[in-house]
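Breakdown of the fold
The residues making up each chain are set out below.
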Amino acid sequence: MAEIGIVIPAAGQGKRMGVGYNKQFLPLMGQPILAHTVRLFQNSCHVSEIVIVGAESDVAVIEELVHRYRFNKVVAICKGGAQRQDSVYAGVQALSPTIQRVVVHDGARPLLALQVFHQFLRETDNFSVAIMGIELKDTIKRVDTCGKVLETLPRERLRAVQTPQIFDRGILEEAHRQAAAVEYYGTDDASLLERMGYSVQLVPGSLENIKVTTPEDLWLAERILAMRDARGTMPE
């Protein structure tokens, strides 16, 4: 398996969380959300480097967090751009030239389990671009700007996409350059590759791999960690 570098965009402002600072510094079972996220990759034998991208005002806080928890795989803490996409590209550029396989993972997804991540790496080893996603439970309808239902979409062919997402570095960088040249912003990094005509492979994700965006998400994340603790599956 090739050397893997991790890029963690962590510049969220926490507006939906209702706090006046980055939600990824909120405590989750006594430690910042971001610390849980980084620790997963720190503990992975397949990860060589980690880059964290944050808002300029948060860089010092992230540096302190990395030092406190001794995350020695973190090779850079970068200032983010205007959009998440800009931040990811800055993070990729901060990886060593020897890193040719890049994983992008949201800083606000602290519950990705190590065994799930390693399974993802095994299942995607032969793909240039691959993402993680889960089946939908709810019926999905497309509506117009006034809320009128236009159609019901076939749920069996839809997936809710998560991170991690994995890429061959060269094509990820080229996709970002092409998107920047025409000021195109996708909803995730894989969409930039889709735009260029690349095939994107989806593999099954995990229901526990939630993104912590609202107070309800934080409550659920605490319950999931407590459940793992009770059954003895908490990461070291």
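Scroll up a little and you will see the structure.
Structural notes, computed from the coordinates. Everything quoted here is computed from the prediction, not taken from an experiment.

**Focus on the overall build of the protein**
- Per the secondary structure count, the protein includes 7 helices and 11 strands.
- Its C-alpha radius of gyration of 18 Å places the protein within 12% of the 18 Å reference for a compact globule of 236 residues.
- With the principal axes as the frame, the protein shows a C-alpha extent of 50 × 40 × 35 Å.
- Looking at the protein as a whole, 45% of its 236 residues qualify as buried.

**Focus on helix α5 (residues 169–181)**
- Over its 13 residues, α5 extends 18 Å from the first C-alpha to the last, a length consistent with the 18 Å expected when each residue adds 1.5 Å.
- Of the residues making up α5, those classed as buried are R169, I171, L172, E173, A175, H176 and A179.
- Those residues of α5 that are buried are in contact with α3 (84–93), β6 (101–104), β7 (129–135), β10 (159–168) and α6 (189–195).
- Following α5 by one or two positions, E183 has its phi on the positive side, about 55°.

**Notes on the nonpolar core**
- Of all hydrophobic cores here, the largest spans 27 residues; its most connected members are I6, L34, F41, I50, I52 and F117.
- Only β1 (4–9), α1 (33–42), β4 (47–54), α2 (59–68), α4 (114–124) and β7 provide two or more residues apiece to this core.
- With 5 residues, the top contributor of residues to this core is α1.
- Ignoring any residue separated from it by four or fewer positions in sequence, one finds I50 in contact with I6, I8, V38, F41, Q42, K73, V74, V75 and A76.
- Counting 21 residues, the second-largest nonpolar core is a separate cluster that includes V88, I131, F167 and A190.

**A look at the pairing of β1**
- Burial of β1 is extensive: 6 of the 6 residues sit out of reach of the surface.
- On β1, burial covers both faces: I4, I6 and I8 on one face and G5, V7 and P9 on the other are all buried.
- Where β1 meets β4, 6 bridges bridge the pair, whose relative direction is parallel. Within the sheet, the bridge partner assigned to P9 lies in β4 and is V53.
- Where β1 meets β6, 4 bridges bridge the pair, whose relative direction is parallel. Note that in β6 the partner of G5 across the bridge is V102.

**Description of α2**
- All of the buried residues in α2 are V59, I62, L65 and V66. For α2, the angular spread of buried residues about the axis comes to 120°, placing them on one side. Along α2, exposed side chains directed more than 90 degrees from the buried face belong to A60 and H67.
- Looking at the packing, one finds that the buried side of α2 touches β3 (31–32), α1, β4 and β5 (74–79).
- Backbone geometry just after α2 places R70 at a positive phi near 55°.

**Considerations on the pattern of salt bridges**
- Per the counting criterion, the structure on display carries 12 salt bridges.
- The salt bridge partner of E64 is R68, with a shortest N-O separation of 2.7 Å. Of this pair, E64 and R68 both sit in helix α2, separated by 4 residues, roughly a single helical turn.
- Take R68: its relative accessible area is 43%, and that puts it in the partly exposed class.
- A salt bridge links R169 to E173, with the nearest nitrogen and oxygen atoms 3.1 Å apart. With R169 and E173 both in helix α5 and 4 residues apart, the pair spans about one turn of that helix.

**Let's talk about the sheet that holds strand β11 (residues 201–204)**
- With mixed pairing, 7 strands are arranged side by side in an open sheet as β5-β4-β1-β6-β10-β7-β11. The open sheet has two edge strands, β5 and β11, and neither has a second partner. The average undirected angle you get between the axes of adjacent strands in this sheet is 25°.
- The strands touched by α3 within the sheet are β1, β4, β5, β6 and β10, with β1 carrying the most contacts at an inclination of about 150°.
- Along the sheet, α4 contacts β1, β4, β6, β7, β10 and β11; its crossing angle with β10, the most-contacted strand, is approximately 65°.

**A short note on the side chain of H118**
- With respect to the element layout, H118 can be found in helix α4.
- Residue classification places H118 among the buried residues on the basis of a relative accessible area of 13%.
- Aside from chain neighbours lying at most four places away, what touches H118 is S44, C45 and H46.

The rules behind these values
Residues numbered from 1 in each chain as written. Predicted model: local features only at pLDDT ≥ 70, side-chain atom pairs only at ≥ 80, totals over all residues. Heavy atoms only, no water. Helix = DSSP H or I, 4+ residues; strand = E, 2+ residues; numbered from the N terminus. Rg over C-alpha atoms; globule rule 2.2 N^0.38 Å. Buried < 20%, exposed > 50% of the residue type's maximum accessible area, 1.4 Å probe, protein only. Expected span 1.5 Å × (residues − 1). Contact = heavy atoms within 4.5 Å. Core = buried A, V, L, I, M, F, W, Y, C linked by side-chain atoms within 4.5 Å. Pairing = 2+ DSSP bridges. Arc of directions from axis to C-beta. Salt bridge = Lys/Arg side-chain N within 4 Å of Asp/Glu carboxyl O. Axes fitted to C-alpha atoms, helices over the stretch in contact; angles between N-to-C directions.

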